[in-house]
Amino acid sequence: MLRIGVLGLQGDVEEHMEMLRRLSATPVWVKDLQSFKGVQALVIPGGESTTIGKLMEETGLLEEVRKKARGGKGMPVFGTCAGAILLAKSAGKQQKQTGQKLLELVDMQVDRNAFGRQRESFEAEVEIQLEGNKKKKLKMNVPFIRAPVIEKVSGNCRAIATFENRIVAAQEGNLLAACFHPELTEDTRLHEYFLEKVRRQRTPATATPLL
Amino acid sequence: MQKHGVIMDVVNEKQAKIAEKAGAVAVMALHAVPADIRKAGGVARMADPLVIERIMKAVTIPVMAKCRIGHFAEAQVLQELGVDMVDESEVLTPADEEHHIDKKKFTVPFVCGARNLGEALRRIEEGAAMIRTKGEPGTGNVVEAVRHMRKVNWEMKELAKNKGNSKFLELKASEFRVPVGLVKKTAELGRLPVVNFAAGGIATPADAALMMQLGADGVFVGSGIFKSANPEKFAKAIVEATRHFDEPKVLADVSRGLGEPMKGIGTSTLAMEERMQERGV
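Within chain A, the secondary structure is distributed over seven helices and 12 strands. The globule rule puts the C-alpha radius of gyration for 211 residues at 17 Å, and the 15 Å found for chain A is close to it. Projected onto its principal axes, the C-alpha positions of chain A cover 45 × 40 × 30 Å. Within chain A, buried positions represent 61% of all 211 residues. At a minimum sequence separation of 6, the contacts of chain A that also span at least 24 residues come to 66%. Total accessible area on chain A is roughly 8,900 Å²; 47% of this is exposed by carbon and sulfur atoms.

Structure follows, in structure tokens:
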């Protein structure tokens, strides 16, 4: 059984946990270093990125996750919305203004609330280009809520989905970032894709004690 | 996406920054906190757009603002300002004793107060995207928020137990004055179809933990922070307590040496017309 941590400092934690349960993984609520021990992968939910970043730093999780997931070859991490922002190397102007804490793991620059404030929340169909198979595309209907966009990707990071010519999902090795909220739908396919990555990860970043 | 978070009432940029720094997920921009609104008396209205805009500029977390119950023109103004959420709130003097705002006509999301499942479902049917307990605002007394949370939980349990009983659901729908479809959906979910926060009288970290343990998705803190002796410390402690609501050791640590909380009011000493929760059913 896969033990998947869901960062539970703030945000839609239960929705991700429910998705993982449906896919027969064991979700673990991660709110400090203690509960982070023994998970094979981490999901960072949607929420307020300023708040989550601050709390990650205070709990020591920012440094620990950074260490375990560096370079996209270590622990798999999946971030949605605020989670995608936290994965980014930079968050542009707003970041400097607020001192937003980021994991700086994925070689991309994001723009927060790029579609405007809350009133710009909407649902849209996106097409996600999965790794490995050029023809394998995932069409999903997903909600965007005060969503960020990925302004540019560089290095080993690739864009895997666009919406209105803007990048809304990216991947760098074991790190997956989505600007939308698949966890608020009934569609489990993107989570399934992430879990496949976890299964394929031959060298788990941590020894996994079975509880 | 404010789940598991704390939303704090603020009246200026300085307070908004303290709230953001403490880890609040949003702030409620007001011209006065509920305790002062209560003291001032008279008609309480939407805050001056200037106050709201200044606060919006000061922080990057979402900014909410309150309009009077039924006052859709105030809501239009707030939507125009670009606030992240409108609170159609009983803290302000109601503008309409019969109707709430038709929230489906707006693109900005709304939060509304509720004391029981009927009120909650009526507000959701009108288009509310978030529900909070009414509690008794500005008192620093959590008893009413507890009453409202327990009441909703109890009614929810009863509904879930009867989810296969269409006669019962129809009866409830007519009692609640909402379409049976919404009652059925709620019964099947076993919880409200939107997030349910605690609000009204939360003044200490333990109050926040209490509400979280009773099943709240997060908490609003009004006068509790900036009417306390040490707002920075209180704000931080309440954020911690909301996250670690089921860990008494953490609660003890964050509660230690906090200083004087806001001075409270016993709600039984309030006359019926002083009780804000009676507004907008």
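There is more to say, and it comes next.
Counting residues in hydrophobic clusters, the biggest one holds 130 residues, and the most contacted among them are Met108(A), Ile128(A), Phe144(A), Phe180(A) and Met211(B). Ranked by size, the runner-up nonpolar core spans 21 residues in total, among them Ala128(B), Ile131(B), Leu159(B) and Phe176(B).

All names here are of chain B. Across the 10 residues of helix H5 (residues 117–126), nine count as buried, placing the element largely inside the fold. Among all positions of H5, only Leu 117, Gly 118, Glu 119, Ala 120, Leu 121, Arg 122, Arg 123, Ile 124 and Glu 126 are buried. Backbone nitrogen of Gly 118 and a side-chain oxygen of the N-cap are separated by 3.2 Å at the start of H5; the cap is Asn 116. In the stretch just after H5, Gly 127 is the one whose phi turns positive, near 120 degrees.

Right, let's get into the sheet that holds strand E2 (residues 26–29) of chain B. In a beta sheet, neighbouring strands are held together by backbone hydrogen bonds and run either parallel or antiparallel to one another. Residues and elements named next belong to chain B. An order of E7-E6-E5-E4-E3-E2-E1-E8 is seen for the eight strands of this open sheet, with the pairing classed as parallel. For this open sheet the edge positions go to strand E7 (195–197) and strand E8 (219–221), each flanked by a neighbour on one side alone. For this sheet, the mean inter-axis angle between neighbouring strands, taken without regard to orientation, is 30 degrees. Sheet analysis places strand E1 (residues 6–10) next to E8, joined by three bridges and oriented parallel. By the bridge assignment for E8, Met 8 is matched with Val 221. This element, helix H11 (residues 231–243), spans E1 and E8 of the sheet and lies at about 160 degrees to E1.

Moving on to the pattern of salt bridges. The tally for this structure, following the rule as stated, stands at 39 salt bridges over all chains. A salt bridge links Glu15(A) to Lys3(B), with the shortest nitrogen-to-oxygen separation between them at 3.0 Å. Of the two residues, Glu15(A) is situated in helix H1 (residues 13–22) and Lys3(B) in the segment before E1; the pairing between them involves two chains. Since its relative accessible area comes to 21%, Glu15(A) is described here as partly exposed. Among the ionic pairs, Asp84(B) bridges to Arg146(A), the shortest N-O distance being 2.6 Å. Remark: Arg146(A) occurs in the loop between strand E8 (137–144) and strand E9 (149–153) and Asp84(B) occurs in the loop between helix H4 (72–81) and strand E4 (85–89); the pair is interchain, linking two chains. Look at Arg146(A) and you get buried, because its relative accessible area is 8%.

Looking at chain B as a whole, the pLDDT averages 94, with 100% of positions reaching at least 70. Scored as a whole, the predicted complex attains pTM 0.89, and scored at its interfaces, ipTM 0.82.

Attention now moves to the interface of chain A and chain B. Opposite the 29 residues of chain A that make contact, chain B presents 29 residues. The tally of links from chain A across to chain B stands at six salt bridges. Between Asp246(B) and Lys31(A) there is a salt bridge, with the nearest N and O atoms lying 3.4 Å from each other. Across the chain A-chain B interface, the total number found is 14 residue pairs in polar contact (both at pLDDT 80 or more). Only H1, helix H3 (49–59) and helix H6 (92–98) of chain A provide two or more residues apiece to the side of chain A that touches chain B. Top element by residues in the side of chain A that touches chain B is H3(A). It accounts for six residues. Looking at the side of chain A that touches chain B residue by residue, the classes come out as six nonpolar, 12 polar and 11 charged.

This part is about the packing of aromatic side chains. If you walk through the whole model with that rule in mind, you get 10 aromatic pairs over all chains. Plain terms: the ring middles of Phe106(B) and Phe110(B) are 5.2 Å apart, the flat faces sit at 75 degrees to each other, and that makes the pair edge-to-face. For the pair Phe106(B) and Phe110(B), a shared accessibility class is recorded, and that class is buried. Following the ring pairs from residue to residue traces out a cluster consisting of Phe115(A), Phe122(A), Phe144(A), Phe163(A) and Phe180(A). The ring of Phe115(A) carries Arg166(A) above its face, with NZ or CZ at 5.0 Å from the centroid.

This part covers the side chain of Asp12(A). Looking at where Asp12(A) falls in the secondary structure, it is placed in the loop between strand E1 (3–7) and H1. An unpaired buried charge is present at Asp12(A): no salt bridge exists, and Lys3(B), the closest side chain of opposite charge, is 7.4 Å distant. For Asp12(A), the side chain forms a polar contact with the main-chain nitrogen of Gly46(A), separated by 3.0 Å.

What follows covers the packing of helix H7 (residues 166–176) of chain B against helix H8 (residues 180–189) of chain B. The description of two packed helices rests on the angle between their axes and on the distance between the axes. Residue and element names in this part refer to chain B. Between H7 and H8, the shortest axis-to-axis distance is 8 Å and the interhelical angle comes to 120 degrees. Considering only the axes of H7 and H8, their crossing is right-handed. Note on element contacts: H8 touches H7 through Val 180, Val 183, Lys 184 and Ala 187, opposite Leu 169, Glu 170, Lys 172, Ala 173 and Phe 176. Tallied by class, residues from the contact of H7 with H8 come to six nonpolar, no polar and three charged.

Looking now at the pairing of strand E5 (residues 110–114) of chain B. Residues and elements named next belong to chain B. Most of E5 sits inside the fold, with five of its five residues counted as buried. Taking every second residue as pointing to the same face, both faces of E5 are buried, with Phe 110, Cys 112 and Ala 114 on one and Val 111 and Gly 113 on the other. Sheet analysis places E4 next to E5, joined by three bridges and oriented parallel. Bridged to Glu 88 within E5 is Cys 112. Where E5 meets strand E6 (residues 130–133), four bridges bridge the pair, whose relative direction is parallel.

Analysis parameters
- Residues numbered from 1 in each chain as written.
- Chains lettered and ligands numbered in written order.
- Predicted model: local features only at pLDDT ≥ 70, side-chain atom pairs only at ≥ 80, totals over all residues.
- Heavy atoms only, no water.
- Helix = DSSP H or I, 4+ residues; strand = E, 2+ residues; numbered from the N terminus.
- Rg over C-alpha atoms; globule rule 2.2 N^0.38 Å.
- Buried < 20%, exposed > 50% of the residue type's maximum accessible area, 1.4 Å probe, protein only.
- Contact = heavy atoms within 4.5 Å.
- Areas by Shrake-Rupley, 256 points an atom, 1.4 Å probe, with all protein chains shown as cover.
- Core = buried A, V, L, I, M, F, W, Y, C linked by side-chain atoms within 4.5 Å.
- Polar contact = N/O pair within 3.5 Å; in protein donor to acceptor, adjacent residues only side chain to side chain.
- Pairing = 2+ DSSP bridges.
- Axes fitted to C-alpha atoms, helices over the stretch in contact; angles between N-to-C directions.
- Salt bridge = Lys/Arg side-chain N within 4 Å of Asp/Glu carboxyl O.
- pLDDT = per-residue confidence, 0-100.
- Nonpolar A, V, L, I, M, F, W, Y, C, P; charged D, E, K, R; others polar.
- Phe/Tyr/Trp six-rings, centres within 6.5 Å; stacked < 30°, edge-to-face > 60°.
- Lys NZ or Arg CZ within 6 Å of the ring centre and 35° of its normal.
- Lys, Arg positive; Asp, Glu negative; His and termini not counted.
- Left-handed = near helix turned anticlockwise from the far one by under 90°.

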